[in-house]
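Spelled out, the chains give:
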Amino acid sequence: MRRPLIVGLLGAMTAVLIGIAGLVFVPRWFAPATVEVPRAEDADAAEATGRIRASLYYVAEDGLHLTAVDADVPYGATPAEQARSLVEAQLLAAPTPLAQAIAEGTKVRQIFVADDGTAFVDLSKEAVANHRGGSLDELFAVYAIVNAVTVNLPAIKGVQILVDGQEVETLAGHVDLRHPLAKNMRWVEVAGAPTRTEEGGERTEVGPRSQDGGVAPAPQPAAQPVPPPAAPSVPVSRPSPQR
């Protein structure tokens, strides 16, 4: 009698232990991957007020570069939540006299953050359907989002843009979106950047100065076809008349 009783008790204890292990470890195995983003010195204040100070990016008046604008953005408790609040703020109307870089009507569907520091930003179909076209406009649309996330969340090293839940090659045929993109400040102007002065005191514009210290080149006109070189003239010797 005792032996079957002991075996039954051991079996019951084993089942209880297996159940406890399942409750503890299984949710961890299937939990979404995230990265830990270091808190800033004022993170406690941000959590208390529900806002953080962030840099957002809009097209400048001349239409040739992006301009960074400081804005109050809702605080997110996790990297994915903070990235979502940043992108949603970036999609709002641009402050006057700047222009919105991203197509009108675009919304955030979902944002995921992987262990390797890659954020996947899933936008609505309007990001493609309502895009104006043009390589420069597409660059601005893509890097307004990429920079808004990577500049304000340093632990996120790259952003891959999805549309309507799917990977896309481009928004308008120019910028490759098939892989994550890192921060790129080449087209972002630093406010108040000085212009060069030639000898003699003449003021010369050299284009907006980007935040990485370089000067963003102005768009170049399309190259004109070069005509083929003319064939060299070869003197023709005529035979002398026979006598």
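Note: the structure precedes this text.
No experiment lies behind these values; they were computed from the predicted model shown.

Our focus in this paragraph is the nonpolar core. If you look at the biggest cluster of nonpolar residues, it comprises 47 residues, and the most contacted ones within it are Val87, Val142, Val159 and Leu177. If you list the elements that add at least two residues to this core, you get β1 (51–59), β2 (66–74), α3 (79–90), β3 (108–113), β4 (118–123), α5 (135–152) and β5 (158–163). Top element by residues in this core is α5. It accounts for nine residues.

Quick look at the sheet that holds β4 now. In spatial order, the strands read β3-β4-β5-β6; together these four strands make up an open sheet with mixed pairing. Either end of the sheet is taken by a strand with one partner, and the two such strands are β3 and β6 (166–167). Bridging between β4 and β5 involves six bridges; their strand directions are parallel. Its bridge partner lying in β5, Thr118 is registered against Gly158. Packed on one face of the sheet, α3 meets β3 and β4 and runs near 145° to β3.

The pairing of β3 with β4 spans five bridges and is antiparallel. Directly across from Gln110, in β4, lies its bridge partner Asp122. The hairpin formed by β3 and β4 contains four residues between the paired strands, and Gly117 there has a positive phi angle of roughly 85°.

Let's shift gears to the environment of Ala99. Considering the arrangement of structural elements, one finds Ala99 in the loop between α3 and β3. On the basis of relative accessible area, Ala99 is assigned to the partly exposed category, the value being 36%. Through-space distance from the C-alpha of Ala99 to that of Val59 is 4.9 Å; in sequence the pair is 40 residues apart. Once you skip the residues sitting within four places of it in the chain, Ala99 turns out to touch Tyr58, Val59 and Ala94.

The next subject is the packing of α3 against α5. At a minimum axis distance of 9 Å, the contact between α3 and α5 shows a crossing angle of 140°. Put simply, α3 runs oblique to α5. The way α3 lies across α5 gives a crossing that is right-handed. Residues Ala83, Leu86, Val87 and Gln90 of α3 lie in contact with α5, whose contacting residues are Ala144, Ile145, Ala148, Val149 and Asn152. Among the residues making up the contact of α3 with α5, the classes are represented as seven nonpolar, two polar and no charged.

Cut-offs applied
- Residues numbered from 1 in each chain as written.
- Predicted model: local features only at pLDDT ≥ 70, side-chain atom pairs only at ≥ 80, totals over all residues.
- Heavy atoms only, no water.
- Core = buried A, V, L, I, M, F, W, Y, C linked by side-chain atoms within 4.5 Å.
- Buried < 20%, exposed > 50% of the residue type's maximum accessible area, 1.4 Å probe, protein only.
- Helix = DSSP H or I, 4+ residues; strand = E, 2+ residues; numbered from the N terminus.
- Pairing = 2+ DSSP bridges.
- Contact = heavy atoms within 4.5 Å.
- Axes fitted to C-alpha atoms, helices over the stretch in contact; angles between N-to-C directions.
- Parallel < 35°, antiparallel > 145°, perpendicular 65-115°, else oblique.
- Left-handed = near helix turned anticlockwise from the far one by under 90°.
- Nonpolar A, V, L, I, M, F, W, Y, C, P; charged D, E, K, R; others polar.

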